[in-house]
Amino acid sequence: MLTVVRSLRKGDDETPTPVQGSTFDVLPLEIQHLVFRHASDDKPAILACSLVSRSWRDTSLPHLFSSLKVKRSSNYDDFSDFLAAHPDLARHVRELELGYLPAHFHGLPHTRIRPTLTPANLASITMKLPRLRALVLRSVWLANGAGLVEGDSTAHSFVSPRRLKELTIDHCSVRRDGPLPLRILFSILTTVPASTISLLFLPLDCEVPFLPNVQHSSMTTQSKIELKVETLVVRGASSESWPDHGVRLYDAFHQVLAPKCLRCLRTHATIRGQTPDTLRSLGGFIGHVGHEALQHLELPFSIGTDFGPPESRPEFWHTLQLNRCRNLQCVRVTVTLPTPASPSVLEPPQVPLTAACIALMVNMPRTLRTFVVALWYVDSARMKDRKWLDLEALDEALLTHFSSLAKVNVVLCACGGWVECTKLILEAMAKCRQRGILDVGPLNVIDYL
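Quantities reported herein were computed from a predicted structural model and do not represent experimental measurements. (Residues numbered from 1 in each chain as written. Predicted model: local features only at pLDDT ≥ 70, side-chain atom pairs only at ≥ 80, totals over all residues. Heavy atoms only, no water.)

S.K.: Explain the overall build of the protein chain to me, please; I cannot follow it from the model alone.
M.R.: Of the regular secondary structure elements, the protein chain holds 16 helices and 18 strands. Residues counted as buried form 50% of the 449 residues belonging to the protein chain. At a minimum sequence separation of 6, the contacts of the protein chain that also span at least 24 residues come to 83%. Surface accessibility of the protein chain: about 20900 Å² in total, with carbon and sulfur atoms responsible for 52%. (Helix = DSSP H or I, 4+ residues; strand = E, 2+ residues; numbered from the N terminus. Buried < 20%, exposed > 50% of the residue type's maximum accessible area, 1.4 Å probe, protein only. Contact = heavy atoms within 4.5 Å. Areas by Shrake-Rupley, 256 points an atom, 1.4 Å probe, with all protein chains shown as cover.)

S.K.: So what exactly am I meant to see when it comes to the pairing of strand β2 (residues 95-100) here?
M.R.: By the criterion of burial, β2 is predominantly enclosed, with five of the six residues buried. Bridge count between strand β1 (residues 67-72) and β2: six bridges; the pairing is parallel. By the bridge assignment, Lys-71 is partnered in β2 with Gly-99. Summarising the sheet, β2 and strand β4 (residues 134-138) pair through four bridges and their orientation is parallel. Considered in β4, the bridge of Leu-98 is made with Leu-137. (Pairing = 2+ DSSP bridges.)

S.K.: Explain the pattern of salt bridges here, please?
M.R.: Opposite charge on two side chains permits pairing when their charged atoms draw close. A full pass over the atoms with the stated rule returns 10 salt bridges. The salt bridge partner of Glu-97 is Arg-138, with a shortest N-O separation of 2.9 Å. Linking Glu-97 in strand β2 with Arg-138 in strand β4, this pair joins segments that are 41 residues apart in sequence. Residue Arg-138 is classed as partly exposed on the basis of its relative accessible area, which comes to 29%. The shortest N-O distance in the salt bridge between Glu-315 and Arg-313 comes to 3.7 Å. (Salt bridge = Lys/Arg side-chain N within 4 Å of Asp/Glu carboxyl O.)

S.K.: I tried to follow helix α14 (residues 391-401) on my own but got confused; where do I start?
M.R.: Every buried residue of α14 is listed here: Leu-391, Leu-394, Asp-395, Ala-397, Leu-398 and His-401. Turning to α14, the residues buried within the fold contact α12 (353-362), β16 (370-376), α13 (380-384), β17 (407-413), α15 (418-428) and α16 (430-434).

S.K.: Help me understand unusual backbone geometry in this model?
M.R.: Glycine aside, the phi torsion of most residues is negative, and most peptide linkages are trans. At Lys-260, a residue that is not glycine, the phi angle is positive and equals roughly 60 degrees. Along the polypeptide, Lys-260 turns up in the loop between α10 (248-256) and β13 (264-266). Its identity is not glycine, yet Gln-321 carries a phi of approximately 60 degrees, on the positive side. Here Gln-321 is to be found in the loop between β14 (296-303) and β15 (330-336). Owing to a relative accessible area of 22%, Gln-321 belongs among the partly exposed residues under this scheme.

S.K.: Would you mind going over the packing of aromatic side chains with me for this structure?
M.R.: Two measures describe an aromatic ring pair: the distance that separates the ring centres and the angle between the ring planes. Applying the stated criterion across every chain, the model contains seven aromatic pairs. Ring geometry for Phe-316 against Trp-317: centres 5.0 Å apart, planes inclined by 85 degrees, an arrangement best described as edge-to-face. Among the aromatic residues, those joined into a cluster by ring pairs are Phe-301, Phe-307, Phe-316 and Trp-317. The cationic tip of Arg-382 hangs over the ring face of Trp-388; the distance from NZ or CZ to the ring centre is 5.2 Å. (Phe/Tyr/Trp six-rings, centres within 6.5 Å; stacked < 30°, edge-to-face > 60°. Lys NZ or Arg CZ within 6 Å of the ring centre and 35° of its normal.)

S.K.: Is there a simple way to think about the sheet that holds β2 in this case?
M.R.: Backbone-to-backbone hydrogen bonds join strands into a sheet, with any given pair of strands oriented parallel or antiparallel. Within the open sheet, the 12 strands sit side by side as β1-β2-β4-β6-β8-β12-β13-β14-β15-β16-β17-β18. Their pairing is parallel. Sheet topology places β1 and β18 (438-442) at the edges, where each strand pairs with a single neighbour. Across the sheet, the mean angle from the axis of one strand to that of its neighbour is 15 degrees, orientation sign disregarded. One ladder, built from seven bridges, connects β15 with β16; its direction is parallel. Note that in β16 the partner of Val-333 across the bridge is Val-373. Strand contacts of α15: β16, β17 and β18, with the helix running at about 165 degrees to β18, the strand carrying the most contacts. (Axes fitted to C-alpha atoms, helices over the stretch in contact; angles between N-to-C directions.)

What follows is the structure, given as structure tokens:
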């Protein structure tokens, strides 16, 4: 079929010649859909097939419109009007990406103005897509309402009656690329509820107090919304006051997410400075949303040289409430050494960084199946020094504490001398290696969750 599809593409301005007596028409409809699904990444080929005959058009249109990327330089009003005028096509859309198209792509002078999306805009679009499963918002401006007032507490959310499978918000901000207040972020999240939420590279404003009460379009009074989120991914989030207020993001999720629903939490060092207050707040969030449900956890902080003797004691980590997550299967811990350019590179920490990992492990359920440790900026010299990393002690503790352990992954990130470091890890963690559960690899090679 791929040969037939490609043979129809004779040129951008040439209409394919109808195929007479094609055997493709006599195939069962299920087989025809399988063929088009196999060529789903080749939209020009599917478009060419839709011009062959009426039967080919009816079969190809669901695959042609199943995934759409819509980029605009100002707004999406024309796209919303198109969906309203063609409900027969809108019902085929399952994946949608709303992005930013710079004006100079059209031969116009460059402008920094980007399309703005409000809860009302999103509701207007998504309600016309009855089968939408995944939505991506990329490099657009977000606002509460038409007035574009970032702190307007009177703006309400238009909550969709359906829940998407995935919602991704990537590189979005408010007007003129300002930081995104939590109120606006959660207004968007409650407008299009999703089982999986991914927040990627968002400049967040955690200073403004967060109000979780939103209003259904069919309600006259405010009511608290509980989002049933199963997977939460936070990558590259930043804030000017992040060391003090990074945990506010999880405080806000604590107020909004439904209890005992979160199965997977994937973050990347979004909390800096492990004070008792921040750990207590994070523990309240984990205990609320992950109790009896959480299976995959990537701890949202990095173990670094600022850790000392208190962090090497198990009782320091009790407030995280990891022992309540009885179904926890996989945990990822990040350990960050100073970069080679750092002045403190020759000053070992007060205790080996792996000692904090061991103290954390004592608070985890013994039924853990996979343990992942990501090592940043390691080199062979510091790996040989037990004052930096005592991998032999980590090796012993893993097998002692976790009776059902099936996999130990060591991920090397920005490593100096990858081959030598790998050899040293295999030697230091001999017991895990002998049991056949140890894997060592660079970042993005080992699928740790």
